[in-house]
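Architecture at a glance
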Amino acid sequence: HNFAVMRKEFFKKGDEMFINPQTNHTVLVENVPVELRTAKQLTSLFNSLAPNEVMFASIGVFSPYLEQVIKLRTSALAALESAIASNRTAQLVATQTDGKAATPTALPVDKSSHPVGLYFLKKYCFKNVLQVDAEQYWRHCIEILDREIIRLQIEGEAAVGDSNRVDMKSAQLESGVTVLSPQALFELNVENVLNKLKDKFKKKIMSPVSTGTAFVTFRSRRTQAMICQVPLLFEQYPAITVTKSPTPSDLLWENLSYSTTYTSYASIGVMVLLYSGLLFWSTIIAFVAAVSTLANLATYLPFINDLNPVLYALIAGNLPVVVNIVFQALIPIVIGMLAHYVERRKSRSAVEIHVFRWYFLYQVINIFVLVLSGSIFTSIANIIASPTSAVTLLGAALPTVSVFFINFMITQLLSGIPSLLLRLGPLVIFKVYKMLFKESQLTQRTLFAGPLADASVSYGTVLPAVLYVLTLSVVYWVIAPILSAIAAVFFVLTYLAYKYQYVHLIIRTYENGGELWYGMHYYSMTALMISTLTMIGFMALKLGAAETPLLLPLPVIVILAWRYTENSFLRSSMYMPFSSAVDMDNDSSDHASNFFPEYSKQPSMTTSVLEGPWIYRVNGTPLVDKKTGQVNDIYYSDSVRKVGDKD
């Protein structure tokens with residue numbers, strides 16, 4: 001009930017701190033035919049359904065070459081910031097020693113400090129470059145890249161018929177963005193980079209082209225709500241599909257050029273692959289278990305046989321658990337990559353939901369394999385031959401592996417939650433940076449695009465792990481009550497850990513209003529159903545003649561409760577009532593006049609070439625405080641980071 005109420009509030013108000021109200025007026029249009037792939041034609045098409053309701057229409061643009069040039073510009077900015085830091089460090093050292101001005105940092109790059117990740121620029125930019133001012137060189141690199149970005153953006157706007165933005169970008173290009181006079185040496189080397197990029201993409205599409213994905217923003221919520229819930233909009237264009245638009249931060253812009261037809265066929269292939277993995281999961285687990293035994297490892301690491309007996313027993317008991325945890329941690333990564341790069345789903349939330357469903361299914365199968373300790377094919381064959389044997393099969397096998405799951409839960413408590421709080425990866429990288437570089441050589445981008453980058457939560461990975469523990473606790477609450485007690489401690493500590501992280505660390509990358517909750521409810525009820533069935537089987541095996549009949553109503557009660565919650569709250573919370581949309585349109589606080597056409601354009605088409613390097617230091621304040629070893633608070637403001645490069 002509480003979720004349904006909160007969901008309705010989300011439909012009405014959204015998330016005012018995170019979601020721009022324009023998102024609630026915008027739809028995602030897919031499979032747009034070629035003849036409609038201009039803003040003017042698409043606006044005319046939707047105005048035929050809702051006259052004078054369309055405010056903006058924007059067509060997605062496919063331009064991998066433009067994306068690469070923008071990445072090059074970001075790398076060049078990082079190199080410029082590093083050159084500025086090197087010059088400031090040299091000036092500081094020179095002033096402290098003899099009071100004379102320092103010589104500017106010179107190229108080639110092996111004598112100039114800058115962040116890792118500029119291999120492409122290093123390889124092609126510095127040929128025939130001898131001794132020149134590094135700051136001046138990188139500023140000129142950025143200017144040449146800026147001109148290329150604007151040129152490609154003009155081609156992209158022309159491809160989707162946006163004449164106003166073509167004129168604006170053309171004026172920007174003609175007015176020039178350079179502040180330095182061109183130098184032939186610089187020009188030749190940076191153009192060499194662009195030529196190498198063009199060679200890389202020569203077999204692909206160089207100029208931006210329009211895609212079959214678009215965004216349409218309406219004046220009213222009622223129009224958006226109505227169009228999103230109509231299954232077929234146009235008789236002459238039956239392939240066009242319309243859904244509620246995700247937030248721009250949620251979209252995977254590089255996947256906009258892929259049609260729903262491609263995604264559906266790719267999804268079939270991925271589904272076959274993942275189901276095959278489920279069928280052969282017992283073989284995979286058996287192989288991992290065999291590799292992770294100390295007896296096998298001693299063949300390659302003889303010193304294991306010389307370990308203290310107590311230490312040997314401790315490692316032997318926990319090593320399979322640790323290996324199983326590490327191996328399972330790879331599963332969501334693989335599933336996420338398949339959803340992102342093979343199926344080409346168009347939003348991060350869609351990828352997370354896909355990972356969530358499949359990862360939890362793999363975890364349930366993992367329990368099944370560990371409990372039955374045999375081939376899935378053999379177990380399925382036995383169940384098909386005698387369906388009633390499924391309950392007794394699980395009831396007989398569950399008690400034998402309770403120790404493994406207890407060790408698993410203890411390992412999660414002692415290592416999983418502390419590692420969540422410590423964030424060891426970023427911590428180690430931050431310490432390494434501090435050891436390798438002087439404070440004056442560090443740039444803001446080095447830290448804030450590296451170990452101090454905004455942290456987010458991968459819900460598709462986190463939620464199945466929590467549901468896995470919930471499934472274990474409800475399955476074992478009669479067979480091994482101690483496991484339920486450990487699970488209770490796990491849930492309390494996990495709640496406290498994530499509460500702290502959400503308050504102090506986590507930055508949301510998108511907001512979908514709790515769509516993952518539907519899966520959590522479904523799988524929680526599934527776990528409860530499995531629990532009741534295995535409990536009945538366990539009691540039957542223990543010859544509980546009086547107890548077993550009393551347990552038979554439990555599955556019926558679970559099913560009735562499940563159906564009641566879904567019938568009462570599922571539909572009402574999944575869709576926004578049309579009456580609510582009408583009420584919001586009548587509310588003067590919903591200001592469509594503040595909407596702007598660039599909101600639904602992909603970042604590569606709106607990237608500003610005016611962004612300069614992040615400021616080196618603010619009024620001489622050190623980036624890292626010497627006493628605390630932490631970054632000074634003043635540098636956590638985005639406005640401070642991007643005001644420029646002056647001291």
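In the block above lies the structure referred to throughout.
Below: a short report on this structure.

About the thresholds
Residues numbered from 1 in each chain as written. Predicted model: local features only at pLDDT ≥ 70, side-chain atom pairs only at ≥ 80, totals over all residues. Heavy atoms only, no water. Helix = DSSP H or I, 4+ residues; strand = E, 2+ residues; numbered from the N terminus. Buried < 20%, exposed > 50% of the residue type's maximum accessible area, 1.4 Å probe, protein only. Polar contact = N/O pair within 3.5 Å; in protein donor to acceptor, adjacent residues only side chain to side chain. Core = buried A, V, L, I, M, F, W, Y, C linked by side-chain atoms within 4.5 Å. Contact = heavy atoms within 4.5 Å. Phe/Tyr/Trp six-rings, centres within 6.5 Å; stacked < 30°, edge-to-face > 60°. Lys NZ or Arg CZ within 6 Å of the ring centre and 35° of its normal. Pairing = 2+ DSSP bridges.

With respect to the side chain of Thr446
- Along the chain, the position of Thr446 falls in helix α18 (residues 444–448).
- Accessibility expressed as a relative area gives 15% for Thr446, which makes it buried.
- A distance of 2.6 Å separates a polar atom in the side chain of Thr446 from a polar atom in the side chain of Thr443.

Brief notes about the nonpolar core
- Val29, Leu42, Phe46 and Val216 are the most contacted members of the largest nonpolar core, which has 46 residues in total.
- Mapped onto this core, the elements with two or more residues apiece are β1 (26–30), α2 (39–47), β2 (54–62), α3 (64–97), α5 (134–159) and β3 (209–218).
- Considering each element in turn, this core owes the most residues, 12 residues, to α3.
- With residues near it in sequence (within four places) discarded, Val29 still touches Phe46, Gly212, Thr213, Ala214, Val216, Ile240, Thr241 and Val242.
- Listed in part, the 23 residues of the second largest apolar core include Ile367, Met409, Ile417 and Leu472.

Notes on the packing of aromatic side chains
- In this structure the tally under the stated criterion is 13 aromatic pairs.
- Here the aromatic rings of Phe596 and Tyr599 are separated by 5.8 Å at their centres, their planes lie at 85°, and the arrangement is edge-to-face.
- Among the residues examined, Tyr599 registers a relative accessible area of 13% and is labelled buried.
- If you follow Arg445 out to its NZ or CZ, it ends over the ring of Trp614, 4.6 Å from the centre.
- The residue whose ring lies beneath Arg617 is Tyr616, and the NZ or CZ to ring-centre distance is 4.2 Å.

Looking at unusual backbone geometry
- In this structure, Asn31 is a non-glycine residue whose phi angle is positive, near 65°.
- Residue Asn31 is classed as buried on the basis of its relative accessible area of 18%.

Concerning the pairing of β1
- Across the five residues that make up β1, a large majority, five, are buried.
- Direction of pairing for β1 relative to strand β4 (residues 241–244): antiparallel, over a ladder of four bridges. Across the sheet, the residue bridging to Glu30 is Thr241, located in β4.

Some words on the pairing of β3
- Of all 10 residues in β3, eight are buried, a share of seventy percent or more.
- Sheet topology note: the β1/β3 ladder contains four bridges and is antiparallel. If you follow Val27 over to β3, its bridge partner there is Val216.
- Two elements, β2 and β3, share seven bridges in a ladder whose sense is antiparallel. When the bridges of β3 are listed, Phe56 appears paired with Thr217.

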